[in-house]
Amino acid sequence: MSVHKAVPDVFAKMHRRFLTPTVATVTFGVVSIVLYVIMNFISAGAVIVDSVSALGVMIAFYYGLTGFSCVWYYRRNLTTSVKNFFVQGVMR
């Protein structure tokens with residue numbers, strides 16, 4: 001983003017050995033830690049629990065959507081045999 005002038009030029013400084021944006025990595029790491037400490041203080045220590053719960057809900061929704069899409073994709077083959085019904089419809 002620094003190359004395109006969206007952030008200051010100092011964020012484009014690269015580490016000689018690791019070839020990573022050193023200033024940007026450290027700066028945004030510190031900003032992330034500060035935001036975490038503030039959010040953890042405000043929510044009385046429930047930030048990690050809430051984050052894991054939200055992530056679990058998103059994963060469950062994704063798996064459910066994947067299951068419905070598999071059944072929809074194989075919908076024409078499901079009734080051709082009992083094997084297809086169980087392998088393509090029930091087990092996926």
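How each quantity is defined
- Residues numbered from 1 in each chain as written.
- Predicted model: local features only at pLDDT ≥ 70, side-chain atom pairs only at ≥ 80, totals over all residues.
- Heavy atoms only, no water.
- Helix = DSSP H or I, 4+ residues; strand = E, 2+ residues; numbered from the N terminus.
- Rg over C-alpha atoms; globule rule 2.2 N^0.38 Å.
- Salt bridge = Lys/Arg side-chain N within 4 Å of Asp/Glu carboxyl O.
- pLDDT = per-residue confidence, 0-100.
- Contact = heavy atoms within 4.5 Å.
- Patch = residues over 30% accessible without salt bridge, like charges linked within 9 Å, V, L, I, M, F, W, Y side chains within 5 Å.
- Areas by Shrake-Rupley, 256 points an atom, 1.4 Å probe, with all protein chains shown as cover.
- Buried < 20%, exposed > 50% of the residue type's maximum accessible area, 1.4 Å probe, protein only.
- Phe/Tyr/Trp six-rings, centres within 6.5 Å; stacked < 30°, edge-to-face > 60°.

Another point: the overall build of the protein. The secondary structure content of the protein amounts to three helices and zero strands. The helix and strand sequence of the protein, counted from the amino end, reads α-α-α. Taken against the 2.2 N^0.38 rule, which gives 12 Å for 92 residues, the C-alpha radius of gyration of the protein at 24 Å runs more than 25% over that of a compact globule. When its C-alpha atoms are laid out on the principal axes, the protein stretches across 65 × 40 × 25 Å.

Next up on the list: the pattern of salt bridges. Applying the stated criterion across every chain yields a total of one salt bridge. For Asp 9, the salt bridge is made with Lys 5, and the minimal N-O distance between the two is 3.2 Å.

Here we take up the confidence of the model for the protein. Scored by pLDDT, the protein has a mean of 86; 99% of the residues are at 70 or more. Taken element by element, the protein is modelled with least confidence in helix α3 (residues 82-90), mean pLDDT 80, and with most confidence in helix α1 (residues 22-42), mean pLDDT 90.

Take the environment of Gly 89 next. Here Gly 89 shows up in helix α3. In sequence terms Gly 89 and Phe 11 are 78 residues apart; their C-alpha atoms lie 51 Å from each other. In this structure Gly 89 touches Val 71, Leu 78 and Asn 84, once residues within four positions along its chain are discounted.

Here we come to a nonpolar patch on the surface. On the surface, Val 26, Val 30, Val 34, Ile 38, Met 39, Phe 41 and Ile 42 cluster together into a nonpolar patch covering about 730 Å² of accessible area. Residue position: Ile 42 is located in helix α1.

So, on to unusual backbone geometry. A positive phi is found at Lys 5, a non-glycine position, where the angle reads about 65 degrees. Tracing the backbone shows Lys 5 in the segment before α1. Backbone geometry places Leu 19, a non-glycine residue, at a positive phi of 55 degrees. Tracing the chain through its elements places Leu 19 in the segment before α1. Judged by relative accessible area, Leu 19 falls into the exposed class, the value being 61%.

Moving on: the packing of aromatic side chains. Tallying each qualifying case throughout the model produces four aromatic pairs. Seen from their ring centres, Tyr 73 and Tyr 74 are 5.0 Å apart, and the 85 degrees between their planes marks the pair as edge-to-face. By relative accessible area, which is 64% here, Tyr 73 ends up exposed. Both rings, one in Phe 85 and one in Phe 86, keep their centres 5.5 Å apart while their planes meet at 80 degrees; by these two values the pair is edge-to-face.

Secondary-structure assignment places Asn 40 in helix α1. Once residues lying within four places of it in the same chain are set aside, the contact partners of Asn 40 are Gly 45, Ala 46 and Val 47.

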